[in-house]
Amino acid sequence: MSSYEPLTTESAVALVKNLGLVEESETILCNEIGDGNLNYVFHIKGIEKSLIVKQALPYAKVVGESWPLTLERADIENRALRLQGVFAPDYTPKVYYSDRDLAITIMEDLSHLEIARTGLINGKDYPLIARHTGEFIARTLYGTSDFAMGPQEKKNLQKTFSNPELCNITEGLVFTDPFFDAETNNFEEALRPDVEKLWNDSALKLQAAQLKRLFLTSGDALLHGDLHTGSIFASETETKVIDPEFAFYGPFGFDIAHFTANLLMNALSREENRREPLFDHIVTVWNVFNREFTRLWNENNTEAFAETEGYLDWLLADIFEQATGFMGLEMIRRTIGLAHVKDLDGMMDDEKRLTAKRRSLFIGARLVKERATYKTAEQLVAAVKEVLA
Ligand code: SR1
Ligand code: MG
């Protein structure tokens, strides 16, 4: 049994050599490349082989040692990756090795791709990202649901994916803190009037409370749990979904909501004539999700009511409504909460950045409050365009 110690570039190289994952004689380059909020990520590059070694730290890197976290999330991530690899192998990195005590997962090097958020910020559009991500979400969610697995098997799996610590982060940072004058919030002083308006919006707070309850109590399927554009590696032709350390059994609409919210915030950061690809992605991911979920529903379904007229249509409509609300909450928290997005924060022109952030708050609040009024992604995108006109 190995005991935990944070890796260094030297010990990460020694580890992969000891494990026989690269030849002892190989000359290796190793860099710590993690730009996320929680972990170390070592890129190990030899002539023959390259790998990623990811290690959880016993605290949240984004805040520092004053925010302790257990290492349990590395095991959750490793098991979620392996399961997602079964349902969506084309869109999941291969896992080569994991060690629960060291809190590490060693996986496929994806450095021929780039983090989608970075590419989108630099003006790339990734023509296939929405189709691939829609298939990833539909396959991983449907495959781990009651419909596919049956309630007994599903509950047994669900037990193994209790993730209270990382759910607590989401419950606080996404669902609670942005709606109160909480210490974790972080916003530009110029936004204070907008933020105070939000804190005083009791209709919005009621809807946020209802969505929070849905997040706390639903157990539809094994979610990725943090599927923003920084959790996706992409190119023109390939898409890989990484970092499922927030995985847990939650509501069907959550993952697609975070993906679409992050696409929309990228659209807000762009000039008007460069936004259309993002709007197309939002429509496409929904169409693909609905199509793929329906295909799987018809192909493999243990539910006695599966063929009852109207059931699937009702379910897809319900997922769309909850996801619209979750999408709005993600936009709000990424604008004024603890963890921001580079798409908005990186806008150098003060006036344009503040306009984009105000729009993010306004649209986010509207999606939360009016989530029942939109029935399709096309309607949602049309409403967004009206705000931007
Ligand atoms: C303390 S972690 C902050 C955020 O980073 C992760 O990627 C999640 O989105 C979390 O809310
Ligand atoms: Mg992450």
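For the structure, check the block above.
Since this is a predicted model, take the numbers as computed values, not measurements.

**Student:** Kindly report on the overall build of the chain, identifying the contributing residues and their values.
**Tutor:** Per the secondary structure count, the chain includes 15 helices and 12 strands. For the chain, whose C-alpha radius of gyration is 21 Å, the value lies close to the compact-globule estimate of 21 Å for 389 residues. For the C-alpha atoms alone, the extent of the chain along its principal axes is close to 60 × 55 × 40 Å. The burial tally for the chain puts 56% of its 389 residues in the buried class. Surface summary for the chain: the accessible area is close to 17000 Å², and the carbon and sulfur share equals 51%. Distance between charge centres in the chain, computed from 41 positive and 60 negative side chains, equals 2 Å.

**Student:** Residue-level account of the pattern of salt bridges, with values.
**Tutor:** In a structure, side chains of opposite charge can pair up when their charged atoms sit close to one another. Counted by the stated rule, this structure contains 30 salt bridges. Close ionic contact of E114 with K124 constitutes a salt bridge, the shortest N to O distance being 2.6 Å. Placement of E114 in strand β8 (residues 114-115) and of K124 in the loop between α3 (116-121) and α4 (129-143) is noted, with a sequence separation of 10 residues between them. Taking the relative accessible area as the measure of exposure, E114 reaches 23% and is therefore partly exposed. When the shortest N-O distance is used, the salt bridge between R353 and E188 registers 2.8 Å. Pair noted here: R353 is in helix α14 (residues 350-369) and E188 is in the loop between α7 (164-173) and α8 (192-199), with a separation of 165 residues, a long-range link. The class of R353 is buried, set by a relative accessible area of 12%. Connected via shared salt-bridge partners are R131, E135, R139, E292, R295 and E299.

**Student:** Please set out empty space enclosed by the protein residue by residue, giving values where relevant.
**Tutor:** Within the structure shown, the criterion is met by one cavity of 30 Å³ or more. Its volume calculated, the largest cavity comes out at about 50 Å³. Taken together, N39, K54, Q55, A56, R73, A74, E77, A103, T105 and E245 make up the full set of residues lining the largest cavity. Among the secondary structure elements, those contributing two or more residues to the lining of the largest cavity are β3 (50-56) and α2 (72-87).

**Student:** I'd love a proper account of the side chain of T176, names of residues and values included.
**Tutor:** You can see T176 is positioned in the loop between α7 and α8. Here K212 takes part through its side chain, which lies 2.8 Å from a polar atom of the side chain of T176. Excluding residues within four positions of it along the chain, T176 makes contact with E171 and K212.

**Student:** Quick rundown of the environment of E292? Include the residues and the values.
**Tutor:** Mapped onto the secondary structure, E292 falls in helix α11 (residues 276-299). Given the relative accessible area of 7%, E292 is considered buried. When residues no more than four places from it in sequence are discounted, the contact partners of E292 are E135, A138 and R139. A polar contact of 2.6 Å, which involves the side chain of E292, links it to the side chain of R295.

**Student:** Please provide a residue-by-residue account of the pairing of strand β2 (residues 39-45), values included.
**Tutor:** The buried fraction of β2 is high, at five of seven residues. In terms of strand pairing, strand β1 (residues 29-32) meets β2 through four bridges, oriented antiparallel. Paired with N31 across the strands is H43, a residue of β2. Once β1 ends, the chain turns through six residues before running back antiparallel as β2. With antiparallel pairing between neighbouring strands as the criterion, β2 and β3 make up a hairpin whose turn holds four residues.

**Student:** So what's going on with the packing of aromatic side chains? Residues and values would help.
**Tutor:** Working definition: an aromatic ring pair is given by the centre-to-centre distance plus the angle between the planes. This structure, assessed with the given rule, holds 19 aromatic pairs. Here the aromatic residues Y142, F147, F252, W286, F289, F293, W297, Y311, W314 and F320 are joined through ring pairs into a cluster of three or more. Sitting above the plane of the Y96 ring, K49 keeps its charged end 5.7 Å from the centroid. Positioned above the aromatic ring of F161, the side-chain terminus of R79 is 4.6 Å from the ring centre.

**Student:** Tell me what's going on with the sheet that holds strand β7 (residues 104-108), and back it up with residues and numbers.
**Tutor:** Within the open sheet, the five strands sit side by side as β1-β2-β3-β7-β6. Their pairing is antiparallel. The open sheet has two edge strands with one neighbour each: β1 and β6 (95-99). Along the sheet, successive strands turn relative to each other by an average axial angle of 15°, direction set aside. Here five bridges tie β3 to β7, and the two strands are oriented antiparallel to one another. Among the inter-strand pairings, V53 is bridged to a residue of β7, identified as I106.

**Student:** I'd like a rundown of the site of ligand 1, residues and numbers included.
**Tutor:** Taken together, N37, L38, V62, W67, I169, L173, D226, H228, F246, R333, R334 and A339 form the complete shell of residues around ligand 1. Within the side chain of R333, an N or O atom sits 2.8 Å from an oxygen atom of ligand 1. Taking R334, its side chain carries an N or O atom lying 3.2 Å from an oxygen atom of ligand 1. Residue classes in the shell around ligand 1 are distributed as seven nonpolar, two polar and three charged.

**Student:** Before we move on, could you go through the nonpolar core and cite the residues and values that matter?
**Tutor:** A general feature of soluble globular proteins is that nonpolar side chains tend to end up buried together. If you look at the biggest cluster of nonpolar residues, it comprises 85 residues, and the most contacted ones within it are L264, W286, F289, F293 and L329. Per-element tally for this core: the top contributor is helix α12 (residues 311-336), with 12 residues. Apart from residues no more than four positions distant in its own chain, L329 is found in contact with V174, F175, F179, A208, L211 and V368. Core analysis: the next-biggest nonpolar cluster, separate from the first, contains 16 residues, V16, L21, F42 and L51 among them.

Reading the values: rules and limits
Residues numbered from 1 in each chain as written. Chains lettered and ligands numbered in written order. Predicted model: local features only at pLDDT ≥ 70, side-chain atom pairs only at ≥ 80, totals over all residues. Heavy atoms only, no water. Helix = DSSP H or I, 4+ residues; strand = E, 2+ residues; numbered from the N terminus. Rg over C-alpha atoms; globule rule 2.2 N^0.38 Å. Buried < 20%, exposed > 50% of the residue type's maximum accessible area, 1.4 Å probe, protein only. Areas by Shrake-Rupley, 256 points an atom, 1.4 Å probe, with all protein chains shown as cover. Lys, Arg positive; Asp, Glu negative; His and termini not counted. Charge placed at Lys NZ, Arg CZ, Asp CG, Glu CD. Salt bridge = Lys/Arg side-chain N within 4 Å of Asp/Glu carboxyl O. 1 Å grid on protein atoms, 1.4 Å probe; cavity = no way out; pocket = protein on both sides within 12 Å on 5 of 7 lines; lining within 4 Å. Points joined across faces, edges and corners; volume = space filled by probe spheres on them. Polar contact = N/O pair within 3.5 Å; in protein donor to acceptor, adjacent residues only side chain to side chain. Contact = heavy atoms within 4.5 Å. Pairing = 2+ DSSP bridges. Phe/Tyr/Trp six-rings, centres within 6.5 Å; stacked < 30°, edge-to-face > 60°. Lys NZ or Arg CZ within 6 Å of the ring centre and 35° of its normal. Axes fitted to C-alpha atoms, helices over the stretch in contact; angles between N-to-C directions. Near = heavy atom within 4 Å. Nonpolar A, V, L, I, M, F, W, Y, C, P; charged D, E, K, R; others polar. Core = buried A, V, L, I, M, F, W, Y, C linked by side-chain atoms within 4.5 Å.

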